[in-house]
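Here are the chains, one letter per residue:
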Amino acid sequence: QVQLVESGGGLVQVGGSLRLSCAASGSSVSGYAMGWYRQAPGKQRELVARITGGGSTNYADSVKGRFTISRDNAKNTMSLQMDNLKPADTAVYYCKAEKLVWAYWGQGTQVTVSS
């Protein structure tokens, strides 16, 4: 069983930066693909960025060039550096770890970008 806890959300102005962190416990996630998802009010949850156990990454088109996903397998953590934030980035951000048939989610952290 894997437990995921996100941190680092908050209120930021347009153009600002935030760094989200996801700490895993209960088991090593080094062999898991991990990702950040977000859900805005009234919208479906969507993939923001994903990183494999080997470090390959992919991003939603809306965040390419602004967000950077990374992981530290030794610390069992994953991060999302978010720069040049826009009001459209406002959402609850969730951390996910997945491998084969297993998928685990964190409880989410709110990111609000004010104009």
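None of these values were measured; they are calculated from a predicted model. (Residues numbered from 1 in each chain as written. Predicted model: local features only at pLDDT ≥ 70, side-chain atom pairs only at ≥ 80, totals over all residues. Heavy atoms only, no water.)

1. Looking at the pattern of salt bridges
Charged atoms that come close allow side chains of opposite charge to pair. Throughout the structure, instances matching the rule amount to six salt bridges. One salt bridge connects Arg-38 with Asp-89, and the closest N-O pair in it is separated by 2.9 Å. Here the residue Arg-38 occupies a position in strand β4 (residues 33-39), and Asp-89 occupies one in the loop between β8 (77-82) and β9 (91-99), the gap between them amounting to 51 residues. Here Arg-38 matches Asp-89 in class, with each residue buried. Between Asp-61 and Lys-64 there is a salt bridge; the shortest N-O distance is 3.1 Å. Judged by its relative accessible area of 64%, Asp-61 falls in the exposed class. What you see here is one network of salt bridges that share partners, running through Arg-38, Glu-46, Arg-66 and Asp-89. (Salt bridge = Lys/Arg side-chain N within 4 Å of Asp/Glu carboxyl O. Helix = DSSP H or I, 4+ residues; strand = E, 2+ residues; numbered from the N terminus. Buried < 20%, exposed > 50% of the residue type's maximum accessible area, 1.4 Å probe, protein only.)

2. Focus on the side chain of Arg-66
Within the secondary structure, Arg-66 is located in the loop between β6 (57-59) and β7 (67-72). Here Ser-62 takes part through its backbone oxygen, which lies 2.8 Å from a polar atom of the side chain of Arg-66. At 2.9 Å, the side chain of Arg-66 and the backbone oxygen of Asn-84 are in polar contact. (Polar contact = N/O pair within 3.5 Å; in protein donor to acceptor, adjacent residues only side chain to side chain.)

3. Brief notes about the sheet that holds strand β3 (residues 18-25)
In a beta sheet, neighbouring strands pair by backbone hydrogen bonds and run either parallel or antiparallel. Strands sit in the order β1-β3-β8-β7 across an open sheet of four strands; the sheet is antiparallel. The sheet terminates laterally at β1 (3-7) and β7, the two strands that pair on one side only. Mean inter-strand twist for the sheet, computed between neighbouring axes without regard to direction, equals 15°. The pairing of β3 with β8 spans six bridges and is classified as antiparallel. Across the sheet, residue Ser-21 finds its bridge partner in β8, namely Ser-79. (Pairing = 2+ DSSP bridges. Axes fitted to C-alpha atoms, helices over the stretch in contact; angles between N-to-C directions.)

4. Structural notes on the nonpolar core
Residues Leu-4, Met-34, Trp-36, Leu-80, Met-82 and Tyr-93 are the most contacted members of the largest nonpolar core, which totals 30 residues. Contributions of two or more residues to this core are made by β3, β4, β5 (46-51), β7, β8, β9 and β11 (109-114). Setting aside its immediate chain neighbours within four residues, Tyr-93 contacts Glu-6, Leu-20, Trp-36, Tyr-37, Arg-38, Val-48, Phe-67, Leu-80, Met-82, Gly-108, Thr-109 and Val-111. (Core = buried A, V, L, I, M, F, W, Y, C linked by side-chain atoms within 4.5 Å. Contact = heavy atoms within 4.5 Å.)

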